[in-house]
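Read off the chains here:
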Amino acid sequence: MLPNAIRSDVEKLWAYHNMGHSLRPCDAGIGLGSHDLGVAIIAAELFHRDMYPWLVFSGANAPTTIERFPQGEAVAYRDYAVEHGVPADAILIDPTATNTEQNIKFSRTLLEEQGLAVSSVLLMSRPYQQRRAYATCKKLWPEVDVICYSRPLTLDDYVTSIGDTKKVVDMLVGDTQRIEVYAERGFAIPQPMPDEVKEAFTRLVAAGYVSRLV
């Protein structure tokens, strides 16, 4: 469970990163690799709800995923989706991307190599990666219509699903910092950040949640 001392600040960051997009069918779904199997879970579910005819999983490994998915993030996600009824021939995988920029670039290339005309994509990610995924995709692929979505869990349920409170908070703090830093570096389009989110971020950094800062 989240410590009461930081709960309010963590909730502010959690809410900020949720883009609040409404689901609708898209030309392709893209699952961004991470330590969170929930990406594969929601991707398989949405395929069965006819939200897209093609599904791309992108991701190699990172220090936070190598133990959980030694076969690689994209491969692990593909295996889960196939086990849960998604046809293997509807799935494309990129097992080489090591960051969100590469996730988007390499997924786009895979779709183009299939000769697919893609004007809309449904990006699926960890809940707190939605805003950064959106900002990155609109920078790299500005003409595409982007919908961001994650497995719909409450903050507490998400922490329970990961099983590591500090890891979740560290990742939330890191993704919040990246919204501004990556825009400044030209990796993503700028996103508004309310003062209350900036203040919550500063307090969580001061409290020691810094392992995912850049």
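All values reported here derive from a predicted model rather than from experimental measurement.

Engineer: Mind laying out the overall build of the chain, listing which residues take part and the relevant values?
Structural biologist: Scanning the chain from N- to C-terminus turns up eight helices and five strands. Of the regular secondary structure in the chain, the N- to C-terminal order runs α-β-α-β-α-β-α-β-α-β-α-α-α. What you see for the chain is a C-alpha radius of gyration of 16 Å, in line with the 17 Å of a compact globule of 214 residues. Taking the principal axes of its C-alpha atoms as reference, the chain extends roughly 50 × 35 × 30 Å. Scored against the burial criterion, the 214 residues of the chain give a buried share of 53%.

Engineer: I'd like a rundown of the nonpolar core, residues and numbers included.
Structural biologist: Membership of the largest hydrophobic core comes to 25 residues, with the highest contact counts inside it found for Leu46, Tyr52, Leu55, Phe57, Val86, Leu122 and Met124. Looking at this core, the elements that each hand over two or more residues are α2 (38-48), β2 (55-58), α3 (73-83), β4 (120-124) and β5 (145-149). With seven residues, α2 is the single largest residue contributor to this core. Counting 23 residues, the second largest nonpolar core, distinct from the first, contains Trp14, Ile162, Val173 and Val197.

Engineer: Summarise the sheet that holds β4; cite the residues concerned and give the values.
Structural biologist: Reading across from one edge, β3-β2-β1-β4-β5 is the order of the five strands in this open sheet, with parallel pairing throughout. Looking at the sheet topology across the chains shown, the edges are occupied by β3 (91-94) and β5. Taking each pair of neighbouring strands and ignoring which way they run, the sheet shows an average axis angle of 20 degrees. Where strand β1 (residues 28-32) and β4 come together, four bridges link them in parallel fashion. The residue of β4 that forms the bridge with Ile30 is Leu123. Sitting on the sheet, α2 touches β1, β2, β4 and β5, and the angle it makes with β4 is about 140 degrees. In the packing of helix α5 (residues 130-140) onto the sheet, the strands contacted are β1, β4 and β5, and the crossing angle to β5 comes to about 165 degrees.

Engineer: Got a sec to walk through the side chain of His17? Specific residues and values, please.
Structural biologist: In this fold, His17 is placed in helix α1 (residues 4-17). Under the relative-accessibility criterion, His17 is labelled buried at 0%. Once you skip the residues sitting within four places of it in the chain, His17 turns out to touch Pro127, Tyr128, Gln130, Arg131, Leu172, Asp175, Thr176 and Ile179.

Engineer: Report on the packing of aromatic side chains, specifying residues and quantitative values.
Structural biologist: Tallied over the full model, the rule gives six aromatic pairs. With centroids separated by 6.4 Å and ring planes inclined at 50 degrees, the aromatic side chains of Phe47 and Tyr52 adopt a geometry described as tilted. For Tyr52, a relative accessible area of 3% gives the class buried. Through a chain of ring-to-ring contacts, three or more aromatic side chains come together here, namely Trp14, Tyr128 and Tyr158. Stacked on the ring of Tyr16, the Lys or Arg Arg131 has its end atom at 4.3 Å from the ring centre.

The rules behind these values
Residues numbered from 1 in each chain as written. Predicted model: local features only at pLDDT ≥ 70, side-chain atom pairs only at ≥ 80, totals over all residues. Heavy atoms only, no water. Helix = DSSP H or I, 4+ residues; strand = E, 2+ residues; numbered from the N terminus. Rg over C-alpha atoms; globule rule 2.2 N^0.38 Å. Buried < 20%, exposed > 50% of the residue type's maximum accessible area, 1.4 Å probe, protein only. Core = buried A, V, L, I, M, F, W, Y, C linked by side-chain atoms within 4.5 Å. Pairing = 2+ DSSP bridges. Axes fitted to C-alpha atoms, helices over the stretch in contact; angles between N-to-C directions. Contact = heavy atoms within 4.5 Å. Phe/Tyr/Trp six-rings, centres within 6.5 Å; stacked < 30°, edge-to-face > 60°. Lys NZ or Arg CZ within 6 Å of the ring centre and 35° of its normal.

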